[in-house]
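The residues making up each chain are set out below.
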Amino acid sequence: MIRVTLPGNLQTLAGTGRMVELEVSGVATQRLLLDALEAKYPALLGTIRDASTKKRRPLLRFYACEEDLSDVSPDDPLPGPVASGTEPYIILGAIAGG
Amino acid sequence: MSRVRILVGTRKGAFVLSSDASRKEWKVDGPHFAGWEIYHVKGSPVNPDRLYASQSSSWFGQVMHRSDDGGKTWETAGNQFQYEGTPGPHKWYDGSPHPYEFKRVWHLEPALDDPEKVYAGVEDASLFVSKDGGTSWSELPGLRTHKTSTDWAPGAGGLCLHTILIDPSNHDRIYAAISSAGAFRSDDAGQTWRPINRGLRSEYIPDPDAETGHCVHRIALHPSQPNVLYMQKHWDVLRTDNAGESWHEISGNLPTDFGFVIDVHAQDPNTVYVLPITSDQYHVVPDGKLRVYRSKTAGDEWEALTKGLPQKDCYVNVLRDAMSVDGLDPCGVYFGTTGGQVYASPNAGDSWEPIVRDLPAVLSVEAQTLA
């Protein structure tokens, strides 16, 4: 199981807690993980990535293992500790405001 | 016995306020969608328990919800708004061409005869319709592709289609207003449109009486006189008696004719409400006094309504979708402020009381009268 943490507004929208667990078959990538997230929680469709282009919304960031994966190719394999469920994949809103 | 439900959209969630016909004791339910910016919540006139809500976030984009139990529970609706074809440009703030980009839904207008049908006015300005309860949305591109649209430019809030009115005597006649393009009318259910801005005069555009380019803030009508429309423009309050063919100013003795909201009494089509705001540079009520102005003469002659409203040290704004009337007699009038107060008058504006005082900034207020 891969663990994903969601920002508060998306928890409200999906009706979940802070952490959700997802199954991804094969070599897990960011694209496959977000596909699985949107399939399990359809209310999130379009809120993390553009529903058509699958491009990340500009004010969201993807972190894991103390690294910023936001601009890493979505088809690269996820870091091992994320794929194994040891470390979470973190979706968060960028800081804006004072 | 009749009841009243007030649907309130705020910067940080939606609230449902409810009361019996006395409109003295209120139940406050919410926040729904806590943390989301709720531009508008509106119920179907056919089935008042069918509500539609528009949530928007700079981070997470556009989300839509519907409810079938008057807002107790909600389900996700469709949030895909695709312009037809390859959209052309509109003018940017600096006058340069700027491509159309969908940003958010400002206003929802459920159809008068079908709870599954709802119109959405969006930014960048266009009109969409859903015929399946908000699950899927189709653009009615005739307005966005009007020959004048490449010259439309956004107001400070964006290039938004914020007002949709359906003529209750002819559902094919639809009015829309765009900041800052002006007012438009369709007589074929939204397929084709023409500007209806004759008589408007706006000194902030190069040609003050141009066909389009006017920053119309709000339009209202009374069902018994659908050819009579009232308009709060950026500056000026106006009326048309011929479905928008020509307008004339009715600002009369208002302390300032800048403002956002305008609405019409539920029983008397000649009684109109506005809430003057100091100026376009200073978006607060004048002189620290929160005053609704009422005209019983279809404009020109206005009286200040102050009983129960703060008359000193008040510096709030009231945004364009944040006033509504119920259908009871005497008519209830409601408005919400950027300071988070929602005020109610159960007697057509003679006196006011706050229903709630400390909500997030109010973006929209819609009153429903329930059997």
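Residues numbered from 1 in each chain as written. Chains lettered and ligands numbered in written order. Predicted model: local features only at pLDDT ≥ 70, side-chain atom pairs only at ≥ 80, totals over all residues. Heavy atoms only, no water.

A. Structural view of the nonpolar core. One finds I6(B), L17(B), L275(B), L290(B), V292(B), Y334(B) and F335(B) to be the most contacted residues of the largest nonpolar core, which totals 39 residues. Setting aside chain neighbours within four positions, we find L275(B) in contact with F258(B), G259(B), V261(B), V285(B), L290(B), R291(B), V292(B), V318(B) and F335(B). (Core = buried A, V, L, I, M, F, W, Y, C linked by side-chain atoms within 4.5 Å. Buried < 20%, exposed > 50% of the residue type's maximum accessible area, 1.4 Å probe, protein only. Contact = heavy atoms within 4.5 Å.)

B. Just the environment of W152(B), in detail. All names here are of chain B. Among the structural elements, W152 can be located in the loop between β13 (138-140) and β14 (160-166). By relative accessible area, which is 1% here, W152 ends up buried. Those residues in contact with W152 that lie beyond four places of it in its chain are H90, K91, Y100, A125, L143, R144, H146, L159, I178, A181, F184 and T212. (Helix = DSSP H or I, 4+ residues; strand = E, 2+ residues; numbered from the N terminus.)

C. Highlighting a negative patch on the surface. Side chains of E66(A), E67(A), D68(A) and E87(A) sit close together on the surface and give a patch of like negative charge. Checked against the element boundaries, E66(A) lands in the loop between β3 (60-64) and β4 (67-68). (Patch = residues over 30% accessible without salt bridge, like charges linked within 9 Å, V, L, I, M, F, W, Y side chains within 5 Å. Areas by Shrake-Rupley, 256 points an atom, 1.4 Å probe, with all protein chains shown as cover. Salt bridge = Lys/Arg side-chain N within 4 Å of Asp/Glu carboxyl O. Lys, Arg positive; Asp, Glu negative; His and termini not counted. Charge placed at Lys NZ, Arg CZ, Asp CG, Glu CD.)

D. Here's a closer look at the pairing of strand β23 (residues 272-276) of chain B. Residue and element names in this part refer to chain B. For β23, the tally of buried residues reaches five of five residues, placing the bulk of the element in the interior. Here β23 shows a buried face lined by V272, V274 and P276 and a second buried face lined by Y273 and L275. Pairing analysis gives four bridges linking strand β22 (residues 259-264) to β23, with the strands arranged antiparallel. Its bridge partner being in β23, G259 is matched across the sheet by P276. By the bridge criterion, three bridges tie β23 to strand β24 (residues 292-295) in an arrangement that is antiparallel. For Y273, the partnering residue across the bridge sits in β24 and is R294. (Pairing = 2+ DSSP bridges.)

E. Representation of the interface of chain A and chain B. Facing the 17 residues of chain A at the interface are 15 residues of chain B. At the junction of chain A and chain B, the tally comes to six residue pairs in polar contact (both at pLDDT 80 or more). Of all the elements, helix α1 (residues 8-14) of chain A adds the most residues to the side of chain A that touches chain B, at four residues. (Polar contact = N/O pair within 3.5 Å; in protein donor to acceptor, adjacent residues only side chain to side chain.)

F. Quick look at the sheet that holds strand β28 (residues 342-345) of chain B. Residues and elements named next belong to chain B. The four strands are arranged β26-β27-β28-β29 in an open sheet whose pairing can be described as antiparallel. The open sheet is flanked by β26 (323-325) and β29 (353-356), the only strands paired with a single partner. Strand-to-strand twist across the sheet, computed as the mean angle between neighbouring axes with direction ignored, equals 25°. Sheet topology places β28 next to β29; three bridges connect them, and they run antiparallel. Residue A344 lies in a different strand from β29, and its bridge partner there is E353. (Axes fitted to C-alpha atoms, helices over the stretch in contact; angles between N-to-C directions.)

G. Geometry of the packing of aromatic side chains. Residues and elements named next belong to chain B. Applying the stated criterion across every chain yields a total of 16 aromatic pairs over all chains. Considering the side-chain rings of F81 and F102, the 5.0 Å spacing of their centres and the 5° angle between planes classify their relative orientation as stacked. Residue F81 is located in the loop between β7 (75-77) and β8 (89-91), and its partner F102 is located in the loop between β9 (97-99) and β10 (104-110); the two are separated by 21 residues in the primary sequence. Taking relative accessible area as the criterion, F81 reaches 5% and is therefore assigned buried. We classify F102 as partly exposed; its relative accessible area is 24%. Each residue in the set F81, Y83, Y100, F102, F128 and W137 is aromatic and connected to the rest through ring pairs, giving one cluster. A cation over an aromatic ring shows up here: R144 above the ring of Y100, its NZ or CZ 5.7 Å from the ring centre. (Phe/Tyr/Trp six-rings, centres within 6.5 Å; stacked < 30°, edge-to-face > 60°. Lys NZ or Arg CZ within 6 Å of the ring centre and 35° of its normal.)

H. Examining the pattern of salt bridges more closely. Using the criterion set out here, one finds 29 salt bridges over all chains in the structure. For E38(A), the salt bridge identified is with R49(A), shortest N-O distance 2.8 Å. Here E38(A) is found in helix α2 (residues 30-40), whereas its partner R49(A) is found in the loop between α2 and β3, with eleven residues between them in sequence. The same class applies to E38(A) and to R49(A), which are both buried. Beyond isolated ion pairs, a larger network of salt bridges with shared partners links R173(B), R185(B), D187(B), R194(B) and E245(B).

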